[in-house]
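Structural overview
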Amino acid sequence: RAAFVEVGAGSGLPSLVAARACANSYHPIMATDFTEAGEQLLRANAAHNGVAMHVERLELSEEHGALAEMVERVVLASCGDSAGVCVCAAEICYDKQVIDALFAAVALMWRRRAAAHPNNRLLFARSSHFEHMDETMLQLAGCHELRLHARARRCTPGVLDCFASNGYTGCDDDDVEVFTFTPG
């Protein structure tokens, strides 16, 4: 099994799916966000869905070691040093600095842990609104010695977007691309 860590989780949908449908593959499940409101939303969604999920605040623009330290602390306590780590980040590709910080943090974490573990993965998903960032993202991955393992396009009709604090609207983009990176 591998640990599952969602970075910039927002509502935590990938973490909730991992906890519900993939519990035999992933343990522990961790979801992070960079705001207190995000942390509260993650805890509420975990409780509402009846899943065990470790929630923590994580600001990627801070020291890159924060992700590695959090993963080491939680993963080592749960399953020892032999577990792989699957990091998931969705819709955080709008900013080159955020992408760079994520890739630097993941690369550092994999260097601290057994980088060759077969379950080490970075799942990086984005809507077609951010397709223009692909070349930058792939260059940054190479700079941090992350290797593109797979790339898949999916259609996800019916996704909701938050448009204000008081409601949701249908997303005008149902095209998602998922990039899977492994240690280089």
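What this report covers is the structure whose coordinates are included nearby. The residue count restarts for each chain, going from 1 along the sequence in the order it is written. Side-chain atom pairs in this predicted model are given and counted only at pLDDT of 80 or more, local residue features only at pLDDT of at least 70, and totals for whole chains, interfaces and linings cover all residues. With hydrogens and water set aside, each side-chain value is computed from the structure's full complement of heavy atoms.

Put simply, DSSP H or I for four residues or longer makes a helix, DSSP E for two residues or longer makes a strand, and each gets a number counted from the N terminus. For the protein chain, the helix and strand inventory stands at 5 helices and 9 strands. Order of helices (α) and strands (β) in the protein chain, N terminus to C terminus: β-α-β-α-β-α-β-α-β-α-β-β-β-β. Every one of the 184 residues in the protein chain was classed for burial, and the buried ones make up 42%. Residues count as neighbours in contact if any of their non-hydrogen atoms are within 4.5 Å of one another. For the protein chain, restricting intrachain contacts to residue pairs at least 6 apart in sequence, the fraction spanning at least 24 positions comes to 72%. Note on classification: 1.4 Å probe, protein chains only; a residue is buried when its accessible area is under 20% of the maximum for its type, exposed when over 50%, partly exposed between these limits.

Turning our eyes to something else, we now look at the environment of Glu59. Here Glu59 shows up in the loop between β3 (54–57) and α3 (65–79). A relative accessible area of 28% places Glu59 in the partly exposed class. A sequence separation of 42 residues divides Glu59 from Ala101, and the C-alpha atoms of the two residues are 9.6 Å apart.

Within helix α5 (residues 134–143), burial applies to Asp134, Met137, Leu140 and Ala141. Down the axis, α5 shows its buried residues gathered within 130 degrees of arc, on one side only. Those residues of α5 that are exposed and aimed more than 90 degrees away from the buried face are Glu135 and Cys143. Its buried side turned inward, α5 meets α4 (96–112), β5 (121–127), β6 (146–155) and β9 (175–183). Immediately beyond the C-terminal end of α5, within one or two residues, lies Glu145, with a positive phi of roughly 60 degrees. For this quantity, the arc is that covered by the directions from the helix axis to the C-beta atoms.

Turning to the side chain of Thr180, a few remarks are in order. By the element assignment, Thr180 lies in strand β9. Of the residues examined, Thr180 reaches a relative accessible area of 12% and is grouped as buried. If we ignore the near neighbours within four places in the chain, the residues touching Thr180 are Arg121, Leu122, Leu123, Arg147, Leu148, His149 and Ala150.

Another point: the packing of aromatic side chains. Aromatic pairing here means that ring centres of Phe, Tyr or Trp (its six-membered ring) are within 6.5 Å. Orientation follows from the plane angle: under 30 degrees is stacked, over 60 is edge-to-face, and everything else is tilted. Considering all chains together, one arrives at 4 aromatic pairs under this definition. Grouping aromatic residues by their ring pairs yields a cluster made of Phe103, Phe124, Phe179 and Phe181.

This part takes up the sheet that holds strand β2 (residues 26–33). The pairing criterion is simple: DSSP has to find at least two bridges between the two strands. Strand order in the open sheet formed by 7 strands is β3-β2-β1-β4-β5-β9-β6, and the pairing between neighbours is mixed. With one partner strand each, in any of the chains shown, β3 and β6 form the two edges of the open sheet. Across the sheet, the axes of successive neighbouring strands diverge by a mean angle of 20 degrees, strand direction being ignored. Here β2 pairs with β3 via 4 bridges, running parallel. Across the sheet, residue Met30 finds its bridge partner in β3, namely His54. Sitting on the sheet, helix α2 (residues 36–49) touches β2 and β3, and the angle it makes with β3 is about 175 degrees. Fitted lines through C-alpha atoms give the axes, limited to the stretch in contact for helices. The angle between two N-to-C directions lies from 0 to 180 degrees. Most of the contacts of α4 go to β5, to which it runs at about 165 degrees, and overall it touches β1 (2–7), β4 (84–90), β5, β6 and β9.

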